[in-house]
Amino acid sequence: AQVHDSVVALANQMLDVIEQRGNTIEVVQDMGYPFPTGVILGNFLNLPQQDWSIFLTYSNALALVSELKDGDPKPPEYMHAYNAAFKYCENLIEERRRAPKEDLIGTIIAAHDVGGKITTEELFATLVVLMTGGIGTIGGTMALAMLRLGRNPDQMDLLRREPSLINSAIEEVLRIDSLGNFRHRWAARDCEYEGLKLYKGMPVAICLGASNYDPVLYPNPEKFDIRRAPQDLSTFGHGVHFCIGQGIARPALRTAVLTMVQRFPKLRLQDPDFEPYWTGMPTERWPASVPMRLD
């Protein structure tokens, strides 16, 4: 709530530049990456813009270790990026303890210091989840949202007429286009689940997005309906695995999507029959590009 106005201002500033440039927008490159970067690193974490590259470099370097074979060493490029980000967090803890600030990082440090000082490793792990886990996933979900609205212009027009539907619209996008559909686990013991036999150590691919299509919960689940207002989504996980950054992701997505829809009354897919190239980490999927027209 404290950063809401500045997040809205950031979205409008970016769209000002896009509008002045021409009559097209490529959602992923023009908004999908720069907007969540500014929201997370700037508005929420209050880091100087000249330092953002440290965490963007590390975020990009994660792809270098996403498909390592067992026993393979981590590439030097990854270790260089990791060490730079870790050292930055180490200095950040010392600096914020000397001169506390009432921002998200200061709050995290202060909260841990009440019961016992947070270690650099703990802060680094927390910040990396927020910084690197959020930028790509918010950008990817933004692309999914605009692709879905572009394919359903009646729903985009409805959102434009009734902006109060933005909450349920984003929840419907999160339901029908779960970005992180799969997670991999291993069976802890021999067991049977609904007739399927699992054996200890057996890999299991869990489809998180499947429950979002449960027809008992969501009648006609393949229909995109921004009035649906789905509840209890599995998109952000559950229990101790519930996404730590969803409180940032949801308002960021609502702001970006609603601002684009309201700013450009003729916003539409550049090609009505557009089929994207799908990308993402091994367990994720989002469009690599969503070209749209403003006029």
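The rules we used
- Residues numbered from 1 in each chain as written.
- Predicted model: local features only at pLDDT ≥ 70, side-chain atom pairs only at ≥ 80, totals over all residues.
- Heavy atoms only, no water.
- Helix = DSSP H or I, 4+ residues; strand = E, 2+ residues; numbered from the N terminus.
- Rg over C-alpha atoms; globule rule 2.2 N^0.38 Å.
- Buried < 20%, exposed > 50% of the residue type's maximum accessible area, 1.4 Å probe, protein only.
- Contact = heavy atoms within 4.5 Å.
- Lys, Arg positive; Asp, Glu negative; His and termini not counted.
- Charge placed at Lys NZ, Arg CZ, Asp CG, Glu CD.
- Pairing = 2+ DSSP bridges.
- Salt bridge = Lys/Arg side-chain N within 4 Å of Asp/Glu carboxyl O.
- 1 Å grid on protein atoms, 1.4 Å probe; cavity = no way out; pocket = protein on both sides within 12 Å on 5 of 7 lines; lining within 4 Å.
- Points joined across faces, edges and corners; volume = space filled by probe spheres on them.
- Nonpolar A, V, L, I, M, F, W, Y, C, P; charged D, E, K, R; others polar.

## Some thoughts on the overall build of the protein chain
Of regular secondary structure, the protein chain possesses 10 helices and 9 strands. Since a compact globule built from 295 residues should have a radius of gyration of about 19 Å, the 21 Å found for the protein chain is in line with a globular shape. Each principal axis of the C-alpha atoms in the protein chain carries an extent, and together these give about 55 × 50 × 35 Å. Looking at the protein chain residue by residue over its 295 residues, the buried ones come to 45%. Counting only contacts in the protein chain whose residues sit at least 6 apart along the sequence, the fraction spanning at least 24 positions is 68%. The distance from the centre of the 29 positive side-chain charges to the centre of the 36 negative ones in the protein chain is 1 Å.

## Considering the side chain of T259
Note that T259 resides in helix α10 (residues 246–263). T259 gets classed as buried once you look at its relative accessible area, which sits at 10%. Those residues in contact with T259 that sit more than four places away from it in its chain are A11, N12 and L15.

## Here we look at the sheet that holds strand β1 (residues 24–26)
Spatial strand order, β1-β9-β6: 3 strands in an open sheet with antiparallel pairing. A strand with exactly one partner marks an edge of an open sheet, and here the two such strands are β1 and β6 (268–269). Examined bridge by bridge, β1 and strand β9 (residues 291–293) share 3 bridges and lie antiparallel to one another. Bridged to T24 within β9 is R293.

## Structural notes on the pattern of salt bridges
Counted by the stated rule, this structure contains 13 salt bridges. With its nearest N and O atoms 3.0 Å apart, the salt bridge here joins R160 to D157. Taken together, the residues R160 and D157, both in helix α8 (residues 153–161) and 3 residues apart, mark about one turn of the helix. With a closest N to O distance of 2.8 Å, E171 and R250 form a salt bridge. Note that E171 is positioned in helix α9 (residues 166–176) and R250 in helix α10, a separation of 79 residues in sequence. Both residues of the pair, E171 and R250, count as buried. Through salt bridges with shared partners, a single ionic network connects D16, E19 and R263.

## Section: the environment of F236
Within the secondary structure layout, F236 lies in the loop between β5 (203–207) and α10. What makes F236 buried here is its relative accessible area of 13%. The spacing of F236 and N60 is 176 residues in sequence and 22 Å in space, taken between C-alpha atoms. Setting aside chain neighbours within four positions, we find F236 in contact with L174, H241, F242, C243, Q246, A249 and R250.

## Description of the layout of surface pockets
Here the second largest pocket defines a volume of roughly 240 Å³. For the lining of the second largest pocket, a count of residues per class yields 6 nonpolar, 5 polar and 1 charged.

Read these as spatial facts, not as claims about activity.
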